[in-house]
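Structural overview
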Amino acid sequence: MSKANHMLEIIDLKVNIENKEILKGITLSVKAGEVHAIMGPNGSGKSTLASALAGRDTIDITHGKITYEGKDLLELAPEDRAREGIFLGFQYPVEIPGVSMVNFLRTAINEKRKYLGLDPMPAGDFLKLMREKKKVVEINSDLTNRSVNEGFSGGEKKKNEIFQMALLEPKLAILDETDSGLDIDALRIVANGVNNLRTPENATIVITHYQRLLDYIIPDFVHVLYKGRIVKSGDKHLAKELEEHGYDWIKQEVEHGDN
Amino acid sequence: METIESISTSQKYIELFRQNRDLIGTEDPVFLTKLREQAIRSFEETGFPIRKQENYKYTHLEPVFDGEMSFEFMPRSISFDNQELFRCDVPMLDSHVLTILNGFFYNPEGPALFELENGVVYGSLKEAVLRHPGLVSKYLGKNATLDNEAFVSLNTAFSQDGIFLYVPEGRELEKPIQIINLLLSDRNQMVQHRNLFVVEKNASAQVIICDHTLSPHLFLTNSVTESYTGENSDMDILRLQNEHNNSCQVTNTWISQERNSRCQHGTITLHGGMVRNNLHVKMQGEGAETNVLGLFLIDKMQHVDNFTVIEHASPHCTSNQHYKGVLDDMSTGAFNGKIHVWPDAQKTEAFQANNNILLSDTAKIHSKPQLEIYADDVKCSHGATVGQLDEDALFYLQSRGIPKNESRLMLMDAFAHDVISRIKQSSLQGRISELVGKRLRGELSRCNNCAMNCHD
């Protein structure tokens with residue numbers, strides 16, 4: 001395993017939430033250009049892994065290491081992780097009444113630019129960029145005139161996540177159950193958005209319970225998370241298998257393996 | 001013990017009045033002389049409210065009134081340079097600017113009272129009493145009751161000047177009146193001034209009141225504003241409090257509304273040591289509507305107490321109250337909102353919301369809705385919340401690369417924006433937004449960088 005090639009390297013990560021161990025030793029490496037899918041039944045720790053990567057302080061990392069582009073990720077504040085190119089697409093994007101989308105996005109973009117030593121983006125360029133990126137996720141124009149996620153439908157909220165991703169151009173995107181609550185049209189739009197943003201330089205971690213999103217976003221690797229551990233890894237065919245047979249066979253394998 | 005102190009502080013003011021009787025209102029017409037005597041008698045009966053009284057439970061004002069302060073019975077000449085004191089960074093608000101300096105109307109180079117061709121009158125109340133005694137006597141002291149109102153009584157006995165505004169039937173005040181209350185002294189000082197606004201039938205007016213301290217001395221203000229809103233008229237009053245942390249301010253605002261009139265009253269408290277705002281709105285005509293807004297942002301040892309009484313005295317009236325507070329450090333606040341629906345006031349709609357954010361473990365807020373409903377066909381609701389900044393929202397903003405501190409400011413701004421967005425005049429919304437933003441960033445510590453542009 002050549003470390004230099006890895007964008008992200010998680011080594012034996014253990015995480016507690018309220019003194020309960022949720023992640024029991026995760027090891028995972030992601031290279032630029034790759035798409036990894038993390039699947040698993042509810043409660044297996046998928047969202048906790050996303051929180052650990054984004055820097056949420058409600059979780060307690062008790063053991064392990066995360067290296068991102070050679071840096072110790074756990075030492076970075078959430079905002080610095082974002083400015084270093086990590087993006088978390090939230091499972092439940094929060095509504096923030098009174099903070100306008102435009103102000104929010106402009107602040108986010110300019111904070112990143114500041115971090116990179118660039119001047120703020122001129123207003124005209126920003127508006128042009130917004131118009132351009134809206135097309136990526138087929139957002140109708142009035143969404144950006146509203147408060148962040150306020151009164152957005154489930155589908156609009158998820159589209160808005162991908163829209164933000166398009167604007168911020170992350171190197172590593174973590175999409176936490178982006179498919180949940182989406183009808184088939186919205187799912188297609190969101191998936192197309194993600195595919196359009198794919199380059200050989202960036203990587204994506206798609207967290208999902210169902211296989212259907214992976215019909216649109218084809219993963220290079222599929223990992224099954226169960227009871228806080230990655231119990232199986234494979235290619236896109238593993239997702240198909242899970243779709244056909246459910247998670248029970250994996251559970252049985254694990255239980256037998258344990259005994 | 002408390003009672004004895006209470007007598008002595010009250011006694012101090014009664015004696016102050018008696019001893020200086022010949023200096024107070026030397027040119028008063030008979031009605032005003034009578035009103036003052038009535039007021040001091042009423043004050044004698046009531047005395048200062050003590051903390052045991054429910055209405056003043058959270059704001060103990062008597063010790064402040066007991067402090068050593070200078071009182072002035074006529075304006076003292078003070079040299080002050082507008083240019084030096086106010087440096088403004090946004091274009092001037094298009095308004096008629098009227099200045100009150102230490103409780104007295106201040107316009108050394110101009111008239112004391114402006115009388116327009118269309119009948120609109122504005123300027124010094126003292127001058128209005130002399131020139132229009134009939135008009136003033138019809139309204140002065142009619143809204144603000146003396147009964148059980150120690151601060152109104154005290155003000156009525158002592159106050160000699162303030163702002164008078166009269167808009168006759170069918171007229172519109174084309175530009176807002178902006179009242180700049182300046183406190184500037186070389187010693188600790190008490191100030192009591194009085195405003196009277198009369199907007200007759202089918203008329204409209206807008207008043208902005210800015211309270212400022214310009215020297216670091218201890219200032220104690222006890223002001224009364226009476227506003228009469230005629231049938232089908234519109235009145236907006238917005239008060240911006242920006243006094244230093246060594247000041248104490250008691251405002252008493254009494255609004256009456258006739259049939260189908262619309263009133264908005266806003267109180268934005270950016271700075272102040274101890275602030276008590278008493279607001280009394282009486283909708284005495286059918287179909288009246290009132291919108292009351294309040295926003296305060298405090299830290300350190302500051303204290304703000306908003307006390308409102310909304311009287312639905314007639315049927316089909318609507319009232320909305322939105323008060324919000326952001327409290328940091330050791331600051332304390334209170335909101336007491338009383339809605340009183342009279343027996344015949346059917347089809348009343350009364351709504352009240354009070355939301356507070358505590359930024360520290362040591363800040364405190366007391367929130368108390370009080371509903372007294374004597375009619376049966378009414379819609380009344382109230383809600384109070386006390387909380388911290390939404391951690392999920394904070395993380396969401398941070399996860400997009402916005403630093404924690406900036407994210408907190410954005411959320412506080414958003415919280416305040418909910419009140420600001422209800423201010424009717426959009427031009428004012430922007431200014432208030434800017435001021436609140438500065439206040440939250442700690443950039444607004446003095447009024448000379450205030451965006452209201454009292455003077456240019």
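Higher on the page you've got the structure.
Residues numbered from 1 in each chain as written. Chains lettered and ligands numbered in written order. Predicted model: local features only at pLDDT ≥ 70, side-chain atom pairs only at ≥ 80, totals over all residues. Heavy atoms only, no water.

Remarks on the overall build of chain B
Short version of the rule: In DSSP terms, a helix is any run of H or I states spanning at least four residues, a strand is any run of E spanning at least two, and both are numbered starting from the N terminus. When accessible area is computed with a 1.4 Å probe and restricted to protein chains, residues below 20% of their type maximum are described as buried, those above 50% as exposed, and intermediate ones as partly exposed. Computed with a 1.4 Å probe, the accessible areas rest on the Shrake-Rupley method; for each residue, only the protein chains presented here act as cover.
Of regular secondary structure, chain B possesses 10 helices and 22 strands. For the C-alpha atoms alone, the extent of chain B along its principal axes is close to 70 × 55 × 55 Å. Buried positions account for 60% of the 456 residues belonging to chain B. Here chain B displays about 17400 Å² of accessible surface, and carbon together with sulfur accounts for 47% of that area.

As for the sheet that holds strand E20 (residues 348-358) of chain B
All names here are of chain B. Rule in force here: When DSSP finds two or more bridges between two strands, those strands count as paired. Axes, fitted as lines to C-alpha atoms, cover a helix only where it is in contact. Angles between the N-to-C directions of the axes lie from 0 to 180 degrees. It only takes one pair of heavy atoms within 4.5 Å for two residues to be counted as in contact.
Within the open sheet, the 10 strands sit side by side as E3-E2-E7-E10-E12-E14-E16-E18-E20-E22. Their pairing is mixed. Every other strand in the sheet has two partners, leaving strand E3 (104-106) and strand E22 (378-387) as the edge strands with one partner each. Along the sheet, successive strands turn relative to each other by an average axial angle of 15°, direction set aside. Bridging between strand E2 (residues 96-101) and strand E7 (residues 177-183) involves 6 bridges; their strand directions are parallel. In the sheet register, His96 faces E7, and the bridge partner there is Ile177. Running over the sheet, helix H9 (residues 404-420) touches strand E16 (289-298), strand E18 (318-327) and E20 and is turned about 160° from E18. Relative to the sheet, helix H10 (residues 426-440) contacts strand E10 (204-213), strand E12 (234-242), strand E14 (262-271) and E16, its axis offset from that of E14 by approximately 25°.

Observations regarding the interface of chain A and chain B
Just so we agree on the cut-off: Summed over both partners, the accessible area lost on bringing two parts together, with a 1.4 Å probe, is the buried area. The term salt bridge refers to a pairing of a side-chain nitrogen on Lys or Arg with a carboxyl oxygen on Asp or Glu at a separation within 4 Å. Any pair of nitrogen or oxygen atoms within 3.5 Å is treated as a polar contact; in protein, a donor-acceptor pairing is required on top of that, and neighbouring residues in sequence qualify only through side-chain atoms on both sides. Side-chain classes follow a simple rule in which Ala, Val, Leu, Ile, Met, Phe, Trp, Tyr, Cys and Pro form the nonpolar group, Asp, Glu, Lys and Arg form the charged group, and the remainder, Gly included, forms the polar group.
Listed as interface residues are 28 residues of chain A and, on the opposing side, 18 residues of chain B. Together, Arg56(A), Glu79(A) and Phe90(A) form the three largest contributors to the area buried by chain A at its contact with chain B, with a combined 27%. Viewed at the interface, chain B and chain A are joined by 2 salt bridges. Residue Asp392(B) pairs with Arg56(A) through a salt bridge whose shortest N-O separation is 2.9 Å. One can count 9 residue pairs in polar contact (both at pLDDT 80 or more) joining chain A with chain B. Residue assignment for the side of chain A that touches chain B shows that the elements contributing at least two residues are helix H2 (78-83), strand E6 (86-89), strand E7 (96-100), helix H3 (101-115) and helix H5 (154-168) of chain A. At 5 residues, H3(A) tops the list of elements feeding residues into the side of chain A that touches chain B. Split into classes, the residues belonging to the side of chain A that touches chain B amount to 16 nonpolar, 7 polar and 5 charged.

Quick word on helix H2 (residues 30-46) of chain B
Rule in force here: For a helix, the expected span equals 1.5 Å multiplied by the number of residues minus one.
For H2(B), which comprises 17 residues, the first-to-last C-alpha distance of 24 Å matches the rise-based estimate of 24 Å (1.5 Å per residue) to within 8%. A positive backbone phi angle near 70° is found at Gly47(B), which sits one or two residues after H2(B).

Details of the sheet that holds strand E11 (residues 221-226) of chain A
Residues and elements named next belong to chain A. Pairing within the open sheet is mixed, and its 6 strands lie in the order E6-E9-E10-E3-E11-E12. The open sheet has two edge strands with one neighbour each: E6 and strand E12 (229-234). Strand-to-strand twist in this sheet, taken as the mean axis angle between neighbours without regard to direction, amounts to 20°. For strand E3 (residues 35-39) and E11, the ladder comprises 4 bridges, and the chain directions are parallel. Within E11, the residue paired with Ala37 across the bridge is Val222. Strand contacts of H5: E6 and strand E9 (172-176), with the helix running at about 170° to E6, the strand carrying the most contacts.

Notes on the layout of surface pockets
One simple way to see leftover space: roll a probe sized like a water molecule over the atoms. All names here are of chain B. How we decide: In this analysis the probe radius is 1.4 Å and the grid spacing 1 Å, with only protein atoms considered; a cavity is a set of points the probe fits into but cannot get out of, a pocket is an open set with protein on both sides within 12 Å along at least five of seven lines, and lining residues have an atom within 4 Å of a point. Grid points are joined across faces, edges and corners, and a volume is the space filled by probe spheres set on the points.
In this structure, the largest pocket encloses a volume near 600 Å³. Around the largest pocket, the lining comprises 32 residues; the ones closest to its centre are Thr145, Asp147, Glu149, Trp254 and His280. Where the lining of the largest pocket is concerned, the elements lending two or more residues are helix H7 (150-158), strand E13 (247-257), strand E15 (274-283), strand E17 (303-312) and strand E19 (332-341). No other element matches the 5 residues that E15 contributes to the lining of the largest pocket. A class-by-class count of the residues in the lining of the largest pocket yields 11 nonpolar, 13 polar and 8 charged.

Some thoughts on the pairing of strand E1 (residues 6-17) of chain A
All names here are of chain A. Note: E1 against strand E2 (residues 20-31), 9 bridges, orientation antiparallel. Paired with Asn16 across the strands is Glu21, a residue of E2. In textbook terms, the turn of a hairpin is the stretch between consecutive antiparallel strands, and for E1 and E2 this stretch comprises 2 residues, one of which, Glu18, has a positive phi near 45°. Bridge analysis of E1 against strand E4 (residues 60-68) gives 7 bridges, and the strand direction is antiparallel. Bridging across to E4, Glu9 finds its partner in Thr67.

As for the state of the cysteines
Just so we agree on the cut-off: Pairs of cysteine sulfur atoms within 2.5 Å are identified as disulfides in what follows.
One pass over the full model with this rule turns up 0 disulfides over all chains. Here Cys263(B) is not cross-linked by a disulfide; its sulfur's nearest cysteine counterpart is in Cys317(B), at 12 Å.

Side note on the environment of Tyr216(A)
Counting through the fold element by element, Tyr216(A) comes out in the loop between strand E10 (203-208) and E11. In the structure, Tyr216(A) is positioned 170 residues away from Lys46(A) in sequence and 20 Å away in space, judged by C-alpha atoms.

A short note on the packing of aromatic side chains
All names here are of chain B. Cut-off, in case you're wondering: Only Phe, Tyr and Trp rings are paired, with Trp represented by its six-membered ring, and only when their centres lie within 6.5 Å; those with planes under 30 degrees apart are stacked, over 60 edge-to-face, the remainder tilted.
Under the definition given, this model contains 16 aromatic pairs over all chains. Geometrically, the ring pair formed by Phe17 and Phe158 is edge-to-face, given 5.6 Å between the ring centres and 75° between the ring planes. Note that Phe17 is positioned in helix H1 (residues 2-19) and Phe158 in helix H7, a separation of 141 residues in sequence. Phe158 matches Phe17 in its accessibility class, with the two residues each being buried. Both rings, one in Phe43 and one in Phe48, keep their centres 5.3 Å apart while their planes meet at 85°; by these two values the pair is edge-to-face.

Details of the packing of helix H4 (residues 123-136) of chain A against H5(A)
Residue and element names in this part refer to chain A. Rule in force here: Working definition: roughly parallel below 35 degrees, roughly antiparallel above 145 degrees, roughly perpendicular at 65 to 115 degrees, and oblique for all remaining angles. The crossing is said to be left-handed when, going from far helix to near helix, the turn is anticlockwise and less than a right angle, and right-handed when the turn is clockwise.
Where H4 contacts H5, the axes come no closer than 9 Å and their chain directions differ by 130°. Of the possible angle classes, the one that applies to H4 and H5 is oblique. As for the relative orientation of H4 and H5, their crossing is right-handed in sense. Of H5, the residues touching H4 (which contributes Leu129, Met130, Lys133 and Lys134) are Phe163, Ala166 and Leu167. Residue composition of the contact of H4 with H5, by class: 5 nonpolar, no polar and 2 charged.

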